[in-house]
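# Coordinates in review
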Amino acid sequence: MEPSRRIEIAAAFVLVAGLLSGPAVAQSGKSGVERLYILNCGEGVAGDISRWSPGVNVGKSMDFVDSCYLIKHSQGWMLWDTGVADAIAAMPDGQRPPEPRMTHWRRSKTLAAQLAELGVKPSDIKFVAVSHTHPDHIGNVTMFPQSMLLVQKLEYEWPSPVGPRFKPEQPVTKLEGDHDVFGDGSVTLVATPGHTPGHQSLLVKLPRTGPVLLSGDAVHFKENWENRRVPEGNDSKDRTTASMQRLADVIAKEHAQLWINHDKVQRDGQRMSPEFYD
Ligand SMILES: [Zn+2]
């Protein structure tokens, strides 16, 4: 073989080796999201489902679940939503709602116990992000006094009839729109106002499962998603409808799955912690 031909072959080998190692380097280095755990953060019975779908299924009750999601990223742990308060687990009959059309919550497992089962301490959690500030999503934020809270500014500043929702000493980043949490595009908060003024959803690009869009309460269950129904108590009907379209656009662009936080039928088919999605 001529020397020049040998050099060409050697160059081709280098090129192929580079192509093979390229994606592996990108996976471990640039996009650092590794796995996602679904935690049981409450079990509820919605008294009258027409609260969430005006005029439809009046007087019918529905079982809800409440989900938290724990994300392992090479830069640290992130928790998405915190569920109903762990204290409800000690209430023999759960927490009755102030009026019967709302949701009666129970907790069969605490968030603290599920983190402990994974060997994760509350102080290990780098970011706690909440979809919005209703009690079934922020029930355990005080368990993470060292974590950086990621919440939309509009939501943080939304006046509450019962006083401040967060302790003033809680570290917080008040967001104004979408936010790339780890700076690598793998975990992105997506502003979806309407249910509340500063509601947000979360897009997680898992290495094997692919992109998953976590709804928060931009929608509560599949039937409402398919029919674009807006709950009666939402802050803005127009913004809710626009946010549902935003979710649909993200799903189409990213080829993402939509995981609906409170949808029991969907979650019954999913793997719960300590199993995980990677
Ligand atoms: Zn909720």
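Quick caveat: nothing in here was measured; it's all calculated off a predicted structure. (Residues numbered from 1 in each chain as written. Predicted model: local features only at pLDDT ≥ 70, side-chain atom pairs only at ≥ 80, totals over all residues. Heavy atoms only, no water.)

## Observations regarding the pairing of strand β9 (residues 187-191)
What counts is decided by this rule: Here's how the labels work: a residue is buried when its accessible area is under 20% of the maximum for its type, exposed when over 50%, partly exposed in between, all with a 1.4 Å probe on protein chains only. Labels follow the DSSP assignment, with helices taken as runs of H or I lasting at least four residues and strands as runs of E lasting at least two, numbered in each case from the N terminus. For two strands to pair, DSSP has to find at least two bridges joining them.
With five of its five residues buried, β9 lies for the most part within the structure. In β9, alternate side chains face the same way, and those of V187, L189 and A191 on one face and T188 and V190 on the other are all buried. Here strand β8 (residues 179-180) runs beside β9; their pairing, made up of two bridges, is antiparallel. Across the sheet, H179 pairs through a bridge with L189, a residue of β9.

## Some points on the packing of aromatic side chains
Keep this limit in mind: Only Phe, Tyr and Trp rings take part, Trp by its six-membered ring, and two of them pair if their centres are within 6.5 Å. Stacked means planes under 30 degrees apart, edge-to-face means over 60, and tilted covers everything else. Either the NZ atom of lysine or the CZ atom of arginine qualifies as a charge over a ring when it sits within 6 Å of the ring centre and within 35 degrees of the ring normal.
Counting across every chain of the model gives seven aromatic pairs. What links up through ring pairs into an aromatic cluster is the set Y37, W77 and F276. Over the ring of W52 we find R51, and its NZ or CZ is 4.9 Å from the ring centre. The ring of W225 is capped by R228, whose NZ or CZ atom sits 4.3 Å from the centre of that ring.

## Describing the sheet that holds β8
With mixed pairing, five strands are arranged side by side in an open sheet as β8-β9-β10-β11-β12. Two strands in the sheet have a free side with no partner beyond their single neighbour: β8 and β12 (257-259). Across five bridges, β9 lies against strand β10 (residues 200-206) in antiparallel orientation. Residue pairing across strands places V190 opposite S201, the latter belonging to β10.

## Comments concerning the sheet that holds strand β2 (residues 62-73)
The pairing of strands in a sheet happens through backbone hydrogen bonds and is either parallel or antiparallel. Test applied: As a rule, the C-alpha atoms of each element are fitted with a line to give its axis, helices using only the stretch in contact, and angles between N-to-C directions run from 0 to 180 degrees.
Taking strand neighbours across the sheet as the criterion, the seven strands line up as β4-β1-β2-β3-β5-β6-β7 in an open arrangement whose pairing is mixed. Only two strands of the sheet have a single neighbouring strand rather than two, namely β4 (103-106) and β7 (172-175). Geometrically, the sheet is characterised by an average inter-axis angle of 25° between neighbouring strands, direction not taken into account. Pairing analysis gives five bridges linking β2 to strand β3 (residues 76-80), with the strands arranged antiparallel. Each bridged residue has a counterpart across the sheet, and for L70 the counterpart in β3 is L79.

## Re the confidence of the model for the protein chain
In regions of low pLDDT, the predicted coordinates are not meant to be interpreted in detail. Just so we agree on the cut-off: pLDDT runs from 0 to 100 and stands for how confident the predictor is about each residue. Two residues form a contact once any of their heavy atoms are found within 4.5 Å.
The pLDDT averaged across the protein chain works out to 91; a share of 89% of its residues lies at or above 70. Low pLDDT (under 50) marks residues 6-29, which in the prediction has four contacts with non-local residues, meaning those over four places away or in another chain.

## Comments concerning the environment of F221
Along the polypeptide, F221 turns up in the loop between β11 (210-214) and α5 (222-227). When its relative accessible area of 4% is taken as the criterion, F221 is described as buried. Considered as a pair, F221 and D263 are 42 residues apart in the sequence and their alpha carbons are 4.7 Å apart. In this structure F221 touches I49, W52, M62, F64, I260 and D263, once residues within four positions along its chain are discounted.

## Looking at the environment of R35
Inclusion rule: Distance and chemistry together define a polar contact, namely a pair of N or O atoms within 3.5 Å, with one atom able to donate a hydrogen and the other to accept it when in protein, and with adjacent residues in sequence counting only for side-chain atoms on both sides.
Within the element layout of this structure, R35 appears in strand β1 (residues 33-46). Taking the C-alpha atoms as reference points, R35 and K205, 170 residues apart in sequence, are found 9.7 Å from one another. The residues contacting R35, other than those within four sequence positions of it, are L70, I71, K72, L206, F276, Y277 and D278. Polar contacts involving the side chain of R35 include one to the side chain of Y37, which spans 2.8 Å.

## Some thoughts on the state of the cysteines
Filter applied, for reference: Criterion for a disulfide: a pair of cysteine sulfur atoms at a distance within 2.5 Å.
Counted by the stated rule, this structure contains one disulfide. In this model C41 forms its disulfide with C68; the gap between the sulfur atoms is 2.0 Å. What sets the handedness of the C41 and C68 disulfide is the S-S torsion sign, and at about -115° it is left-handed. Placement of C41 in strand β1 and of C68 in strand β2 is noted, with a sequence separation of 27 residues between them. Each of the two residues, C41 as well as C68, counts as buried.

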